[in-house]
Amino acid sequence: MKTNPGRFFEDYRLGEVIAHAVPRTLSGGERALYHALYPARHALCSSDPFAQSCGLPASPLDDLAAFHTVFGKTVPDISLNAIANLGYAEGRWLLPVYPGDTLRAESTVIGLKENSSGASGVVYVRTRGFNQDGAPVLEYVRWVMVKKGRPDAPAPAAVVPQLASVVVPEALVIPEGLDFTRYDFALAGGERHRWGDYTVGEQIDHVDGVTVEEAEHMLATRLWQNTAKVHFDATVRPDGKRLIYGGHIISLARALSFNGLANAQMIVALNAGAHANPCFAGDTVRAWSEVLDRAETPAPGVGAVRLRLVATRGEAFALRGADGRYLPEVLLDLDYWALMPL
């Protein structure tokens, strides 16, 4: 057989290293499409002069564009037969990605656990993205529920990796040269709120909403070369619906957070994340944030703020029910570090 049916749960081996095809050279076209798909407008990723005034050689691509590119490389080997992508941990952005950079990806299987139904299992992988010079630009852990191809395949010994609950501030990688001492708040979006204006426990309703359309999420998923069947083929799910790629919701929520967090310019770490409930075309997505922590950094004028970003079909600040489970309208619960002027 010359076609590739994709890996099933029983095809993974603990410790296996998977080099993913195909490397991809990014350009300004990806930036333009990213900004067309999402209301993304953080100044550092929009303007060369603004980025240069902050000590960078040029405007980098949006952090999540780099994430989606690396993620998309992994799909044919990790989640082509996925039922759902479940969560993230220990994510760090290690180098900015600029137009002209070529990214490739590599994953290591760090955990396997068959589900009690015997029809699927959870695969844990640590993925790293590299540029054309072999320098790592991004790393993260994710876990995904994958179908079994043969229901009678024996279950592997269950191994669930112990993952850090948060990337400690000392482990955050600040881009070389980044300097916010001459930060222009007017050009950044007009919000005057800086690092010291946010307090731990503060919650921010980002007010705006976006209704997800089939055309948009199909374009986004193709843009990132994500080939998971649940996103394209309406016959894969019993309900006949195409599941919205979780990364689409992450970028949508991040872009919506501009209203209230315009100066949270760069994502530098992904502490945790859960796709709490599926999203489908026609859903209207809103976002709210909670400030979880703050930290100073060695870079001049640069502080780090730890944020919980929640995407929801419902009301702001509603997250879990009395039973401790996510409310059915909650789509995403993301915990990340971003850089902000002091």
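Just above sits the structure.
Reading guide: rules and limits
Residues numbered from 1 in each chain as written. Predicted model: local features only at pLDDT ≥ 70, side-chain atom pairs only at ≥ 80, totals over all residues. Heavy atoms only, no water. Salt bridge = Lys/Arg side-chain N within 4 Å of Asp/Glu carboxyl O. Helix = DSSP H or I, 4+ residues; strand = E, 2+ residues; numbered from the N terminus. Buried < 20%, exposed > 50% of the residue type's maximum accessible area, 1.4 Å probe, protein only. Polar contact = N/O pair within 3.5 Å; in protein donor to acceptor, adjacent residues only side chain to side chain. Contact = heavy atoms within 4.5 Å. 1 Å grid on protein atoms, 1.4 Å probe; cavity = no way out; pocket = protein on both sides within 12 Å on 5 of 7 lines; lining within 4 Å. Points joined across faces, edges and corners; volume = space filled by probe spheres on them. Nonpolar A, V, L, I, M, F, W, Y, C, P; charged D, E, K, R; others polar. Pairing = 2+ DSSP bridges. Core = buried A, V, L, I, M, F, W, Y, C linked by side-chain atoms within 4.5 Å. Axes fitted to C-alpha atoms, helices over the stretch in contact; angles between N-to-C directions. Parallel < 35°, antiparallel > 145°, perpendicular 65-115°, else oblique. Left-handed = near helix turned anticlockwise from the far one by under 90°.

Glancing now at the pattern of salt bridges. One pass over the full model with this rule turns up 12 salt bridges. Among the salt bridges present, the one from R308 reaches E290, with a minimum N-O distance of 3.9 Å. Residue R308 is located in strand β9 (residues 302-312), and its partner E290 is located in strand β8 (residues 284-296); the two are separated by 18 residues in the primary sequence. Look at R308 and you get partly exposed, because its relative accessible area is 23%.

Turning next to the side chain of S79. Among the secondary structure elements, S79 is positioned in the loop between α3 (63-78) and β2 (82-93). A polar side-chain atom of S79 sits 3.1 Å from a polar atom in the side chain of R142. Apart from the residues within four sequence positions on either side, S79 is in contact with Y12, T74, R142, V144 and A228.

This brings us to the layout of surface pockets. Where empty space is left becomes clear once a probe the size of a water molecule has been rolled over the atoms. The volume enclosed by the largest pocket comes to roughly 420 Å³. Lining the largest pocket are 26 residues, with I83, A84, N85, L243 and H275 positioned closest to its centre. Classifying every residue of the lining of the largest pocket gives 17 nonpolar, seven polar and two charged. Estimates place the volume of the second largest pocket at around 160 Å³. Elements supplying a minimum of two residues to the lining of the second largest pocket: β2 and β7 (266-275). It is β7 that provides the largest number of residues to the lining of the second largest pocket, a total of three residues. Looking at the lining of the second largest pocket residue by residue, the classes come out as six nonpolar, three polar and no charged.

For the rest of this paragraph, the subject is the pairing of β9. Burial analysis of β9 places 10 of its 11 residues in the buried class, the great majority of the element. Pairing between β8 and β9: 10 bridges, direction antiparallel. Bridge pairing in β9 links R294 to V305. Bridge analysis of β9 against strand β10 (residues 330-341) gives 11 bridges, and the strand direction is antiparallel. Looking across to β10, one finds that V305 is bridged to A338.

Attention now goes to the nonpolar core. Membership of the largest hydrophobic core comes to 58 residues, with the highest contact counts inside it found for Y38, F67, W224, I249 and V285. Here this core gets seven residues from one element, more than from any other, and that element is α3. With residues near it in sequence (within four places) discarded, V285 still touches D208, G209, V210, V212, I249, L252, L256, C279, A311, T312 and L331. In terms of nonpolar packing, the next biggest core, distinct from the first, is built from 24 residues, A43, L172, L178 and V268 among them.

Next up on the list: the sheet that holds β7. One open sheet holds the 10 strands; their spatial order is β1-β3-β4-β5-β2-β7-β10-β9-β8-β6, and the pairing between them is antiparallel. Lying at the two open borders of the sheet, with one neighbouring strand each, are β1 (17-25) and β6 (203-211). On average, adjacent strands in this sheet sit at an angle of 25 degrees to one another, irrespective of strand direction.

Following both chains from N to C, one finds helix α1 (residues 28-37) and helix α5 (residues 214-223) inclined at 155 degrees, their axes separated by 11 Å at the closest point. In terms of their interaxial angle, α1 and α5 are classed as roughly antiparallel. When the axes of α1 and α5 are compared, the crossing they make is left-handed. Touching E30, L33 and L37 of α1 are E216, L219, A220 and L223, all from α5. Tallied by class, the residues present in the contact of α1 with α5 amount to five nonpolar, no polar and two charged.

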